[in-house]
Amino acid sequence: MQANIVLLPGDGIGPEVVTEAVRVLEGIASKHGHSFSFTEHLMGGCSIDKYGSSLTEETLAACQAADAVLLGAVGGPKWDDPNAKDRPERGLLALRKGLKVFANLRPVKVHPALMEWSPLKPEILEGVDILVVRELTGGLYFGWPKGREIKDGRERAVDTLEYYDYEIKRVMHLAFKLAKGRKKKVISVDKANVLESSRLWRQIATQIGQEYPDVELEHMLVDTASMRLITGPAEMDVVVTENMFGDILTDEASVLAGSMGMLSSASLGESGPGLYEPIHGSAPDIAGKGIANPVGTILSSAALLRHSLNLEKEAATIESAIDEVITSGARTNDIGGKLSTTQMADEIITRL
Ligand code: NAD
């Protein structure tokens, strides 16, 4: 297998964790006779500094032409000025839109050896295996109009929460298909008691659910879902939700796994390259110290092999190496250990 992978290390700890994921991918390539070529581009704050734009047309074109894109994280205090013309997050949203990756898959599993590291009780964490499917290119983050104005002498801000039926249908189909290969349970999260967009969401979830009679569908309000995530996460299988609810719920879910540094994500469209990134941000508080946990990014590279390159066996090899490493007691600082980013990756590479 030959594959062209674009790397967008980004800002803060992004380059530190992407470097380690690339070493893991190179290890897999040499073991299994694949040839991966890596091309690196700037995106986010570093791209604003060099080109005056968080995502240049050249970088987007390179990503669109790749087999897959691996991203670290973007952002940081340096680019936080609310009046700035461009922000790192704008580049990220434009990249997702440009790659047409409408679904973001975020698996949340709790490794038994890390249960003590979560603030929740072990009996609540036992057996947690959730897949959150978040709609990624619609809703409040993209709706129009958006902005600020002075109206009748008062400052006003507006964001628009908008969904078309087709946007809900495609992410719903994906959620049900994924549930078929799991415990066959879908929870569709909305706020249908208040929001019109959620009433459309629920209507379409019901309609698509009828096409998958072997999969159980439950509708849940987002406030209930946020509570159930910490009171009964083990009962959840596939959770499908709109963009902003998914953004918030997945950060909440990351607490189950013990650290943000442990979780991966895959963003997929109908066709074209997938976008793979850890769920954490650029962690400016620890950037440059060499202590970031690389596991979320390495798991993202396993997802890349699975979803974009169809290399299931290789993806599973990485995942079981990580399982073994955690079981063996190897830990970075965020999960109570002393290993550096590189040492943690070394532990994984030796077990591939
Ligand atoms: P964050 O995820 O960067 O950090 C939250 C906390 O988790 C910090 O204490 C950090 O040290 C820790 N942490 C995160 N990843 C870790 C890892 N791999 N290993 C060890 N510890 C880790 O969130 P934040 O501090 O709210 O945001 C920092 C910047 O990142 C902001 O500019 C934000 O906009 C940006 N951000 C970017 C993305 C992205 O690129 N997809 C996502 C979230 C936040």
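All values derive from a computational prediction rather than experimental measurement. (Residues numbered from 1 in each chain as written. Predicted model: local features only at pLDDT ≥ 70, side-chain atom pairs only at ≥ 80, totals over all residues. Heavy atoms only, no water.)

Visitor: Please provide a residue-by-residue account of the sheet that holds strand β3 (residues 68–73), values included.
Guide: Read across the sheet, ten strands follow the order β2-β1-β3-β12-β11-β4-β5-β10-β8-β9 without closing on themselves; strand pairing throughout is mixed. Edge strands, defined here as strands with exactly one partner in the open sheet, are β2 (35–40) and β9 (216–221). On average, each strand axis in the sheet is inclined to that of its neighbour by 25 degrees, with strand direction left out of account. For strand β4 (residues 103–109) and strand β11 (residues 264–268), the ladder comprises three bridges, and the chain directions are antiparallel. Paired with Ala-103 across the strands is Leu-268, a residue of β11. Across the sheet, helix α9 (residues 243–254) lies against β4, β5 (129–135), β8 (185–190) and β10 (238–241), angled at about 155 degrees from β5, the strand it touches most. (Pairing = 2+ DSSP bridges. Helix = DSSP H or I, 4+ residues; strand = E, 2+ residues; numbered from the N terminus. Axes fitted to C-alpha atoms, helices over the stretch in contact; angles between N-to-C directions. Contact = heavy atoms within 4.5 Å.)

Visitor: How would you explain the site of the ligand if you had to name every residue and give the values?
Guide: Taken together, the neighbourhood of the ligand is formed by 20 residues, with Val-74, Glu-89, Gly-281, Ala-283 and Asn-293 sitting nearest. Note that an oxygen atom of the ligand is positioned 3.1 Å from one of the backbone N or O atoms of Ser-282. A total of 810 Å² of accessible area belongs to the ligand in isolation, and the protein chains cover 69% of it. Considering only residue class, the shell around the ligand consists of nine nonpolar, seven polar and four charged. (Near = heavy atom within 4 Å. Polar contact = N/O pair within 3.5 Å; in protein donor to acceptor, adjacent residues only side chain to side chain. Areas by Shrake-Rupley, 256 points an atom, 1.4 Å probe, with all protein chains shown as cover. Nonpolar A, V, L, I, M, F, W, Y, C, P; charged D, E, K, R; others polar.)

Visitor: Which residues make up the pairing of β4, and what are the values?
Guide: The two faces of the sheet receive side chains in turn, since in a regular strand these alternate between them. Of all seven residues that make up β4, five are buried, and the element is covered over most of its length. Two elements, β4 and β5, share seven bridges in a ladder whose sense is antiparallel. Looking across to β5, one finds that Asn-104 is bridged to Arg-134. (Buried < 20%, exposed > 50% of the residue type's maximum accessible area, 1.4 Å probe, protein only.)

Visitor: Residues and numbers for the domain arrangement of the protein, please.
Guide: Along its sequence, the protein is carved into domain 1 (1–101 + 265–352) and domain 2 (119–257). Its C-alpha centre places domain 1 at a distance of 24 Å from the equivalent point of domain 2. Taken together, the seven residues of domain 1 in the interface contact nine residues of domain 2. Where domain 1 abuts domain 2, roughly 750 Å² becomes buried across the two surfaces, and 68% of that area is made up of carbon and sulfur atoms. For the pair domain 1 and domain 2, the interface holds zero salt bridges. Summed over the shared surface of domain 1 and domain 2, the number is one residue pair in polar contact (both at pLDDT 80 or more). A total of three residues in the side of domain 1 that touches domain 2 trace back to one element, the largest contributor, which is helix α4 (residues 88–98). For the side of domain 1 that touches domain 2, a count of residues per class yields three nonpolar, one polar and three charged. (Domains from an automatic or database assignment. Buried area = accessible area lost by both parts, 1.4 Å probe. Salt bridge = Lys/Arg side-chain N within 4 Å of Asp/Glu carboxyl O.)

Visitor: Would you mind going over the pattern of salt bridges in detail, with residue names and values included?
Guide: Side-chain pairs of opposite charge can arise whenever the charged atoms involved come near each other. Counted under the stated rule, the structure contains 22 salt bridges. Close ionic contact of Asp-247 with Arg-134 constitutes a salt bridge, the shortest N to O distance being 3.8 Å. Of this pair, Asp-247 sits in helix α9 while Arg-134 sits in strand β5, and the two are 113 residues apart along the sequence. One network of salt bridges, with partners in common, ties together Glu-20, Arg-23 and Asp-346.

Visitor: Outline the packing of aromatic side chains, listing residues and values.
Guide: In total, this model carries three aromatic pairs according to the counting rule given. On the basis of an interplanar angle of 65 degrees and a centroid distance of 5.7 Å, the ring pair of Tyr-163 and Trp-201 is categorised as edge-to-face. Highlighted residues: Tyr-163 in the loop between β7 (154–160) and α6 (165–180) and Trp-201 in helix α7 (residues 196–209), separated in sequence by 38 residues. Note on accessibility: Tyr-163 and Trp-201 belong to one class, buried. Between Phe-176 and Tyr-212, the ring centres sit 5.1 Å apart and the planes meet at 15 degrees, which makes this aromatic pair stacked. Highlighted residues: Phe-176 in helix α6 and Tyr-212 in the loop between α7 and β9, separated in sequence by 36 residues. Positioned over the ring face of Phe-142 is Lys-97, at 4.6 Å from the centre of the ring. (Phe/Tyr/Trp six-rings, centres within 6.5 Å; stacked < 30°, edge-to-face > 60°. Lys NZ or Arg CZ within 6 Å of the ring centre and 35° of its normal.)

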